[in-house]
There are 2 protein chains.
Amino acid sequence: MKAEIIIIGDEILNGTTLDTNSQFIARQLEALNIEVVRRSTIKDRREAITQALFEAEQRADVIITTGGLGPTKDDITKKTITEYLDDELVMDEEVLEHVQTFFAKRRKPLLDINRLQALVPKSSLVLHNQMGTAPGTWTEKNGKVYVSMPGVPFEMRYIVENGIIPKLRERLDDNCIIHRYVHTVGVGESSLAQQIAHIEDSLPEHIRLAYLPSPGVVKLRLTGTGKDEKRLLEEIMVFENQMKELLSEVIFGYGEETLSSAIGKLLTDRRATVGTAESCSSGYIGQLITQTPGSSTYFEGALVTYSYDIKEKLLGVKHETLIEHGAVSRETIVEMAVGGVRNLKVDYVIATSGIAGPGGGMPNKPVGTVWIAVANKERVVAKKFLFGSDRTRNIHLTGVMGLDMLRRFILGLPIRE
Amino acid sequence: MKAEIIIIGDEILNGTTLDTNSQFIARQLEALNIEVVRRSTIKDRREAITQALFEAEQRADVIITTGGLGPTKDDITKKTITEYLDDELVMDEEVLEHVQTFFAKRRKPLLDINRLQALVPKSSLVLHNQMGTAPGTWTEKNGKVYVSMPGVPFEMRYIVENGIIPKLRERLDDNCIIHRYVHTVGVGESSLAQQIAHIEDSLPEHIRLAYLPSPGVVKLRLTGTGKDEKRLLEEIMVFENQMKELLSEVIFGYGEETLSSAIGKLLTDRRATVGTAESCSSGYIGQLITQTPGSSTYFEGALVTYSYDIKEKLLGVKHETLIEHGAVSRETIVEMAVGGVRNLKVDYVIATSGIAGPGGGMPNKPVGTVWIAVANKERVVAKKFLFGSDRTRNIHLTGVMGLDMLRRFILGLPIRE
């Protein structure tokens, strides 16, 4: 099965708004083994829509459009798609009731333009939108599927997950699809690929392995398709377990876990608390930790200490240490971490000090030099990293590596210098 | 003049990588008054590339492609485009020398696949790539322009800014284009539009006004086109000055300024220092401040105080205040701000405490309730905000509003509750 995605809207086309919808939809389709053959962004005009639909149906079986359905838009998109499908718009009573309830709950007056959102192509199936008022629609014609959705990202996502994916699954020959995720940290994609090459080579046709890399982290995804869910899962688990054994300590989690939630679990299990003493990452590690709901039970706070003064005052770093070795040094980072444990009164502290860039580099300490330390009351471990020249990436990598060092510290795994 | 953008690459098409290139290119074209009629993302395959080029040239005068030019890719993109233009690939000596120098500087061995990057279509003009090794090319045929660039974002941006924009300008009838930016904070787009409606209505044909909104901030862009640069600028400045007078205190900057750099300027001018005492924004304001190069001269540090304990210990918030009024209250935020000035020893402090969500809401303090205070040694001002239900947006708005409150505090502008 092949698919095309058509994004309708001038504000996307001219770059005012960044399009994230087509990435989301493409990922969802790809996870179903449905090949995306093209994505287009077009104007909210009759001719552009008609042309794009015509071109898409030459190449694809499923044509998904988003945008052009908001209440303040003229209704050119809905009208054009309906006409293109030789259909007519009719009022859907269920959608109308939903729109009315939606406005009543928010104590907002229901305008005529809002009522018009309940108009749908007569032969279409309504994909209900619990997040907003414009419904999605699913129309089948000459063996092709035409899906229309609003462009508001969280409304679109709701309709994809609750309306489109289940219906596409029904149409797939192998209607059972299983994804398993294994998350690794601190090892590059090519090095991972080398380590598990023989596992990848031994995969049968219906099980595929994908590498989903982001700075510092590589997600491994096993996707299996088949008819018997139980048997398929057993098959996949053989390979997942092989990867587990081989990669062991670089794996921080599975499924929906993130590095932040994995740290949260480790801390919660031990009823332990954490804080940070950050310089170059300027609070980013605290933010990563607090991205996990419920983190307030173990995250106490962060000390972002930019200046020498503040490092001395809030973390008790010795003035001589700073003068003699500089802020970006083993000596300083160790004192920062130890001072953090003492002053934040937490069980664990992650400390950072480095040169994120763009300025501040020195011959012996180039931009990208970052010291990270992890400490508890008994011990402290420090490690020097050499990242690159991009400030945002350096800060992000400092966060990821800081969390990974804490994970290893808690689990008693080696932290290699 | 009309343009189309074609993004070539499976990793974009299937959603592994988010495409930001086409937004960047579209914005640059739009700023030149060049209409983008379609954007497409296609596979790195001969047939897909040929079809997309053919379709695009039916609609557009300028066809811009990115991607498919990296050294590890097979050279299908470059070959296909060259063949499509009835051209042949030749070795460009200048590019070859650049590639050789590029590798020599990095002490990396030059492989044959790297050398092949210097192959360009014979009739094309080379758009040099100082950021990498794959050059861009500009080919004209039958009155159409075909541009090919690598897909690595910072390489692409370099070629757009230094190669494509200047060449497109030459082709425009009105080859003088001026953009002027006025940045506002704290007022919604529709309210702004109402206030300056009469200015917008009085604009002549060749001067346009655009609203570029993001949470909390609206950029106003005046774009003028003409032949006489000096006269055009004078014309535009009449309208900019009208807006300046009318909007006055909600304007925080012009041109390339950001809220962070505007704050930096205010502090530098006064040789003053700043720190933050953050709860719900968990260090985000510190990060905003440090986004401005050179911020280490005025930013001392941040205290991210999540727990009651840490608020008491590091900021001296009274235990009774927290028990009696809760962490999200006027009483607590005032003590946080005052404690921050005292303990960080800075001239100004921004303090935040709120419920960013998704959990933690209460009937009288729903998710999105945020208290922000700004203080110096003499005075403190606190204000309550009611943002929405989205955590990321709430944290972002807390940051923007916190910086705006500091701006108003320093300038002696009123802060309305």
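Rules and cut-offs
- Throughout, residues of each chain are indexed from 1 in the direction in which the sequence is written.
- Working convention: letters from A go to chains and numbers from 1 go to ligands, in the order in which they are written.
- For a predicted model such as this one, the threshold for reporting local features is a pLDDT of at least 70, and the threshold for listing and counting side-chain atom pairs is 80 or more; totals across whole chains, interfaces and linings nevertheless cover every residue.
- A run of H or I in DSSP becomes a helix once it reaches four residues, and a run of E becomes a strand once it reaches two; helices and strands are each numbered from the N terminus.
- For every residue, the other C-beta atoms within 10 Å of its own C-beta are counted; 20 or more classify it as buried, 12 or fewer as exposed, and values in between as partly exposed. C-beta atoms are placed from the backbone.
- Remark: residues whose backbone-derived C-beta atoms lie within 7 Å of one another are considered to be in contact.
- Any residue outside Ala, Val, Leu, Ile, Met, Phe, Trp, Tyr, Cys, Pro, Asp, Glu, Lys and Arg is labelled polar, Gly included; the first ten of those are nonpolar and the last four are charged.
- Two strands pair under a simple rule: DSSP has to find at least two bridges between them.
- Each axis is a line fitted through C-alpha atoms, and for a helix only the stretch in contact is used; angles between axes span 0 to 180 degrees, taken between their N-to-C directions.
- Small angles under 35 degrees read as roughly parallel and large ones over 145 as roughly antiparallel, with 65 to 115 read as roughly perpendicular and the rest as oblique.
- Left-handed describes a crossing in which the near helix is turned anticlockwise from the far one by less than a right angle; the clockwise case is right-handed.
- Residues reaching a pLDDT of at least 70 in both copies supply the C-alpha atoms on which the copies are superposed by least squares.
- Boundaries of every domain are those given by an automatic assignment or by a domain database.

A. Local environment of the overall build of chain A. Secondary structure assignment for chain A yields 16 helices and 17 strands. Each principal axis of the C-alpha atoms in chain A carries an extent, and together these give about 80 × 55 × 45 Å. Sorting the 417 residues of chain A into buried and exposed places 46% on the buried side.

B. How the structure looks around the interface of chain B and chain A. Taken together, the 44 residues of chain B in the interface contact 44 residues of chain A. Mapped onto the side of chain B that touches chain A, the elements with two or more residues apiece are α2 (21-31), β2 (35-42), α12 (284-289), β14 (299-305) and α13 (308-315) of chain B. Among the residues forming the side of chain B that touches chain A, the class breakdown is 18 nonpolar, 17 polar and nine charged. As judged from the five bridges shared by strand β2 (residues 35-42) of chain A and β2(B), these two strands associate in the antiparallel manner. Across the sheet, the residue bridging to A:Ile42 is B:Arg38, located in β2(B).

C. Summary view of the packing of helix α3 (residues 46-59) of chain A against helix α4 (residues 76-84) of chain A. Residue and element names in this part refer to chain A. Interaxial distance between α3 and α4 falls to 10 Å at its minimum, and their mutual angle equals 45 degrees. With respect to their mutual orientation, α3 and α4 come out oblique. The handedness of the crossing between α3 and α4 is right-handed. Note on element contacts: α4 touches α3 through Ile-76, Thr-77, Thr-80, Ile-81 and Tyr-84, opposite Arg-46, Ile-49, Thr-50 and Leu-53. Split by residue class, the contact of α3 with α4 holds five nonpolar, three polar and one charged.

D. The arrangement of the pairing of strand β14 (residues 299-305) of chain A in detail. Of all seven residues making up β14(A), seven are buried, and the element is well covered by its neighbours. Across five bridges, the pairing between strand β13 (residues 274-278) of chain A and β14(A) is parallel. Following the sheet pairing, A:Glu278 is matched in β14(A) by A:Val304. Sheet topology note: the β14(A)/β14(B) ladder contains five bridges and is antiparallel.

E. Local environment of the sheet that holds strand β12 (residues 251-254) of chain A. Residue and element names in this part refer to chain A. Read across the sheet, four strands follow the order β10-β11-β9-β12 without closing on themselves; strand pairing throughout is antiparallel. Pairing within the sheet leaves two strands with one partner each, and these edge strands are β10 (207-214) and β12. Within this sheet the neighbouring strands show an average axis-to-axis angle of 20 degrees, counted without direction. Where β10 meets strand β11 (residues 217-226), eight bridges bridge the pair, whose relative direction is antiparallel.

F. Fine view of the relation of the copies chain B and chain A. Of the transformation superimposing chain B on chain A, the axial component is 0.1 Å and the angular component is 180 degrees, with the fit at an RMSD of 0.1 Å. The superposition of one copy onto the other is thereby described by a two-fold rotation axis.

G. Representation of unusual backbone geometry within the structure. In this model, A:Gly357 is joined to A:Pro358 through a cis peptide bond whose omega is 0 degrees. Within the secondary structure, A:Pro358 sits in the loop between β15 (348-354) and β16 (369-375). Non-glycine residue B:Asp86 carries a positive phi angle of around 55 degrees. Among the secondary structure elements, B:Asp86 is positioned in the loop between α4 (76-84) and β4 (89-91).

H. Just the pairing of β16(A), in detail. All names here are of chain A. Extensive coverage of β16 is indicated by the burial of seven of its seven residues. Side chains of β16 alternate between two faces, with Thr-369, Trp-371, Ala-373 and Ala-375 and Val-370, Ile-372 and Val-374 buried alike. Of the pairings in the sheet, the one linking β15 to β16 comprises six bridges and is antiparallel in character. Counterpart to Ser-353 in the pairing with β16 is Trp-371. In the sheet, β16 pairs with strand β17 (residues 380-386) via seven bridges, with the strands oriented antiparallel. Residue pairing for β17: Val-374 is matched across the bridge by Val-381.

I. Focus on the sheet that holds strand β12 (residues 251-254) of chain B. Residue and element names in this part refer to chain B. The strand order across the open sheet built from four strands is β10-β11-β9-β12, with neighbouring strands paired in antiparallel fashion. Each having just a single partner strand, β10 (207-214) and β12 make up the two edges of the open sheet. Pairs of neighbouring strands in the sheet enclose a mean axial angle of 20 degrees, with direction left out of account. Pairing between strand β9 (residues 176-185) and strand β11 (residues 217-226): ten bridges, direction antiparallel. Bridge pairing in β11 links Thr-184 to Val-218.

J. Region of interest: the domain arrangement of chain A. Residues and elements named next belong to chain A. Annotation of chain A at the domain level lists domain 1 (2-171), domain 2 (176-254) and domain 3 (260-411). The C-alpha centroid of domain 3 is placed 31 Å from the C-alpha centroid of domain 2. At the junction of the two partners, domain 2 supplies seven residues and domain 3 supplies eight residues. A breakdown of the residues in the side of domain 2 that touches domain 3 according to their chemical character gives four nonpolar, three polar and no charged.

K. Broad picture of α4(A). All names here are of chain A. By the burial criterion, the buried members of α4 are Thr-77, Lys-78, Thr-80, Ile-81 and Thr-82. Residues of α4 that are buried in the fold lie against β1 (2-8), α3, β3 (62-66), β4 (89-91), β5 (119-121) and β8 (144-149). Residue Asp-86 follows α4 closely and has a positive phi angle near 55 degrees.

L. Geometry of helix α2 (residues 21-31) of chain A. All buried positions along α2(A) are accounted for by A:Asn21, A:Ser22, A:Gln23, A:Ile25, A:Ala26, A:Gln28 and A:Leu29. Note on α2(A): the residue one or two positions beyond its end, A:Asn33, has a positive phi of about 70 degrees.

M. Region of the structure containing the packing of α2(A) against helix α7 (residues 153-171) of chain A. All names here are of chain A. Across the interface, α2 lies against α7 with an axial gap of 10 Å and an inter-helix angle of 15 degrees. Taken together, the axis directions place α2 and α7 in an arrangement best described as roughly parallel. Between α2 and α7 the crossing geometry is right-handed. Contacts between α2 and α7 involve Asn-21, Phe-24, Ile-25 and Gln-28 on the former and, on the latter, Pro-153, Met-156, Arg-157, Val-160 and Ile-165.

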